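Here's the letter readout for the chains.
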Amino acid sequence: MISVCAVFSVSFNLLGLVLILMADLSNKLISKTDPTSARYEKNMRAMAEMVSAVRAEEEQIRLGGGEKAIESQHAKKRLTARERINLLLDRDTEFFELGIYAAFEMYEEWGGAPSAGVVTGLGRIHGRLFMLIVNDATVKAGAFFPMTAKKVIRAQNIAIENHIPTIYLVDSAGVFLPLQEDVFPDTDDFGRVFRNNAVMSAMGIPQITAIMGMCVAGGAYLPVMCDTILMTEGSGLFLAGPALVQAAIGAKYSAEELGGAEMHAQIAGTIDYREANDHICLERIRSVVSKLGQKPTATFNKAKVEPPAHAAEELYGIFEADGARPYDIKEIIGRIVDGSKFDEYKAEYGKTVVCGLARIGGYAVGIVANQAVSAQQIEPHSGEKRLEFGRVIYTESAEKAARFIMDCNQNLVPLVFLHDVNGFMVGRDAEWSGIIKAGAKMVNAVSNSVVPKITVILGGSFGAGHYAMCGKAYDPRFVFAWPTARYAVMSGASAAGTLTEIKARQLERSGKNLSEADKRELYNATKATYDHQTDPRYGAARLWIDKIIDPMETRSALITALDAASLNPEIKEFKVGVLQT
């Protein structure tokens, strides 16, 4: 006969199982998107057009110096930068290119410098993640423009922050002399590249260099400061070429005598491997890489990968590029995170910033995201309800986000920031609520975070909101942007309105008046300038953004970034200093 206790025990266990299943369902984000709505279809078409335009521009940039320059490179029996990368990386893997828009629409008086004349990004060799820095000799013989140096340094800094082993494929004429004053002297200029070589070596980050063309003047130090050096026949490595040597000391030598592969292999002993051509050199690199030891990685929590429950392509229709229209940021999160599961933190408080725990590619992450839907908040003193506008950070939102960021640091959880922010709330009520103190608290928490931070700019990223959401100045490991991103102190419309009003007042003080037609002309001209400068391509050209991504690639981009971040096991002690209360 079954005892009452046994029946109770079975019933209790069944109840527990039901409750567990219900709890599992409760953190799965349920989508309310209607893919048949007119608005969805309009958004879908607009985003598809933007993505298509970016892809077309990137294809043009990948041509480097153009077909004739590519033919010239082949005539020297050398491969182009991207051909070398394709042969070096594992088959059936993709190159995660960073900084492709560097120098976009810049240096046009010199014929331009597509991708700043150097290709950088992450790729896998024998399954292992590497940072690649590859000169593009089809662009001004691989010469260093100001943005070239900054792009190489950005790639090195990513490698340093994440302990990513690095491979340099060198084929460069050195500094672009007409712009030498902007390339040579400062802390983020050419010399910093070699300083980083030394620092990376001291940190134990493997660096392999292959000289596959010219490597002259100061640039000759880069390969020699790395751990392993390869060189192909016909390449040159010297501080001064034949013409400069003759001008300086009156002696005549051939390029081979001064710095050919045979001389460096047999006489100077500078290089470790002399190879006949590009193909054999790249195979040698792969062979060397296959024998490198592995160091410990970070102890971030990682579980089995689970795909999102909702389709990524729906991101096109959900997102509202019009900053005046609402959308639910949790619809975006549900198409990025594993299983569309999200444990929202303080879900009923400070609703204009959404915080919570999830997994991306198996990695546990904390997400801090701007909510584009307006929400009601209860005023703590009067008990009255007030409307809080979407895309704006209020006092409660900032305090919630600051606490969540600190919790993630306490528990070693990497942070992902999803931007669509107009800034902090202004006005008397906001000031009385202590918005400055709350904002300072959030900025403090972001500034002192020790876990990896990854930023994705979806829409607007304006003013101090950009800072609080881990903008470029706050050391995110990676900064990605959708084509819909807008990046500035304020929007073009706001800036144009403000500047037009200021100009009108200045003229009035001098006894002049602007007509309505003059005001419209000034407004339109100012807005056009600001709109151009807030475009993500403008920011990517200046390396404020590492990569403009297709929204459907957001999840894979974040997984690559988390894979990179996990290579660095060193996490400092978390301290925030004085917090405003």
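Residues numbered from 1 in each chain as written. Predicted model: local features only at pLDDT ≥ 70, side-chain atom pairs only at ≥ 80, totals over all residues. Heavy atoms only, no water.

Draft legend 1. Molecular detail of the side chain of Gln-371. Considering the arrangement of structural elements, one finds Gln-371 in the loop between strand E11 (363–370) and strand E12 (375–378). Taking the relative accessible area as the measure of exposure, Gln-371 reaches 7% and is therefore buried. Within the structure, Gln-371 has its side chain in polar contact with the backbone nitrogen of Val-373 (distance 3.5 Å). Here Gln-371 is in contact with Tyr-327, Asp-328, Ile-329, Lys-330, Lys-351, Thr-352, Val-354, Gly-390 and Arg-391, once residues within four sequence places are set aside. (Helix = DSSP H or I, 4+ residues; strand = E, 2+ residues; numbered from the N terminus. Buried < 20%, exposed > 50% of the residue type's maximum accessible area, 1.4 Å probe, protein only. Polar contact = N/O pair within 3.5 Å; in protein donor to acceptor, adjacent residues only side chain to side chain. Contact = heavy atoms within 4.5 Å.)

Draft legend 2. The arrangement of the pairing of strand E4 (residues 166–172) in detail. Most of E4 sits out of view: 7 of its 7 residues are buried. Every second residue of E4 is oriented toward a common face, with Thr-166, Tyr-168, Val-170 and Ser-172 on one face and Ile-167, Leu-169 and Asp-171 on the other, all of them buried. For strand E3 (residues 128–135) and E4, the ladder comprises 4 bridges, and the chain directions are parallel. Following the sheet pairing, Met-131 is matched in E4 by Thr-166. Once you follow E3 into helix H5 (residues 146–162) and on to E4, the crossover reads as right-handed. Across 6 bridges, E4 lies against strand E5 (residues 207–216) in parallel orientation. Within E5, the position partnered with Val-170 by the bridge is Ile-211. In terms of handedness, the path from E4 via helix H6 (residues 190–202) over to E5 forms a crossover that is right-handed. (Pairing = 2+ DSSP bridges. Right-handed = clockwise from strand over helix to strand, strands pointing away.)

Draft legend 3. Up close: the nonpolar core. Ile-332, Ile-333, Ile-367 and Phe-480 are the most contacted members of the largest nonpolar core, which totals 71 residues. Counting residues per element, this core draws most heavily on H5, which supplies 7 residues. Val-421, Ala-438, Ala-445 and Val-451 belong to the second largest nonpolar core, which has 31 residues in total. (Core = buried A, V, L, I, M, F, W, Y, C linked by side-chain atoms within 4.5 Å.)

Draft legend 4. Here's a closer look at unusual backbone geometry. For Ser-115, which is not a glycine, the phi torsion comes out positive at approximately 60 degrees. Position of Ser-115 among the secondary structure elements: in the loop between strand E1 (96–98) and strand E2 (118–125). Taking the relative accessible area as the measure of exposure, Ser-115 reaches 4% and is therefore buried. One non-glycine residue, Ser-340, lies in positive phi territory at about 55 degrees.

Draft legend 5. View of the pattern of salt bridges. According to the stated counting rule, one finds 31 salt bridges in the structure shown. For Arg-84, the salt bridge goes to Asp-171, with nearest N and O atoms at 3.2 Å. Here Arg-84, found in helix H4 (residues 81–88), pairs with Asp-171, found in strand E4; they are 87 residues apart in sequence, far enough to count as distant. Each member of the pair, Arg-84 together with Asp-171, is buried. Across the pair Arg-286 and Asp-90 runs a salt bridge whose closest N-O atoms are separated by 3.0 Å. Here the residue Arg-286 occupies a position in helix H11 (residues 278–289), and Asp-90 occupies one in the loop between H4 and E1, the gap between them amounting to 196 residues. (Salt bridge = Lys/Arg side-chain N within 4 Å of Asp/Glu carboxyl O.)

Draft legend 6. Summary view of the environment of Lys-151. Summarising the element assignment, Lys-151 is placed in helix H5. For Lys-151, the residues in contact, after removing those within four places along its chain, are Leu-98, Gly-99, Ile-100, Ala-102, Ser-115, Ala-116, Val-118, Val-119, Thr-120 and Leu-543. Within the local environment of Lys-151, its side chain forms a polar contact with the side chain of Ser-115, the two groups lying 2.9 Å apart.

Draft legend 7. Here's a closer look at the packing of H4 against H11. In contact at an axis separation of 9 Å, H4 and H11 are set at 45 degrees when each is read in the N-to-C sense. By the angle between their directions, the pair H4 and H11 is classed as oblique. The interaxial crossing formed by H4 with H11 has right-handed handedness. Contact with H4, carried on its side by Arg-84, Leu-87 and Leu-88, involves Asp-278, His-279, Leu-282, Ile-285 and Arg-286 of H11 and no other residues of that element. A class-by-class count of the residues in the contact of H4 with H11 yields 4 nonpolar, 1 polar and 3 charged. (Axes fitted to C-alpha atoms, helices over the stretch in contact; angles between N-to-C directions. Parallel < 35°, antiparallel > 145°, perpendicular 65-115°, else oblique. Left-handed = near helix turned anticlockwise from the far one by under 90°. Nonpolar A, V, L, I, M, F, W, Y, C, P; charged D, E, K, R; others polar.)

Draft legend 8. Fine view of a nonpolar patch on the surface. Taken together, the side chains of Tyr-221, Met-225 and Leu-239 present a nonpolar region at the surface, about 290 Å² in accessible area. By the element assignment, Met-225 lies in the loop between helix H7 (221–224) and strand E6 (228–232). Judged by its relative accessible area of 31%, Met-225 is partly exposed. (Patch = residues over 30% accessible without salt bridge, like charges linked within 9 Å, V, L, I, M, F, W, Y side chains within 5 Å. Areas by Shrake-Rupley, 256 points an atom, 1.4 Å probe, with all protein chains shown as cover.)

Draft legend 9. Summary view of empty space enclosed by the protein. Going through the model one piece at a time under the given rule, you end up with 3 cavities of 30 Å³ or more. Volume-wise, the largest cavity comes out at about 140 Å³. Lining the largest cavity are 17 residues, and of these Asn-135, Phe-144, Val-170, Ser-172 and Leu-222 lie nearest its centre. Among the elements of the structure, E3, E4, H6 and E5 are those that each provide at least two residues to the lining of the largest cavity. A per-element tally of the lining of the largest cavity places E4 first, with 4 residues. (1 Å grid on protein atoms, 1.4 Å probe; cavity = no way out; pocket = protein on both sides within 12 Å on 5 of 7 lines; lining within 4 Å. Points joined across faces, edges and corners; volume = space filled by probe spheres on them.)

Draft legend 10. A look at the layout of surface pockets. Volume-wise, the largest pocket comes out at about 830 Å³. When residues of the lining of the largest pocket are traced back to their parent elements, those giving at least two are helix H2 (38–61), H4, E1, E2, strand E20 (547–548) and helix H21 (554–565). Counted by class, the lining of the largest pocket contains 13 nonpolar, 5 polar and 13 charged residues.

Draft legend 11. Inspection of the side chain of Thr-166 at higher detail. Tracing the backbone shows Thr-166 in strand E4. Residue Thr-166 is classed as buried on the basis of its relative accessible area of 0%. A distance of 3.1 Å separates a polar atom in the side chain of Thr-166 from the backbone oxygen of Ile-164. Those residues within four positions of Thr-166 in sequence are excluded, and the remaining contacts are Phe-130, Met-131, Ile-133, Ala-159, Met-200, Pro-206, Gln-207 and Ile-208.

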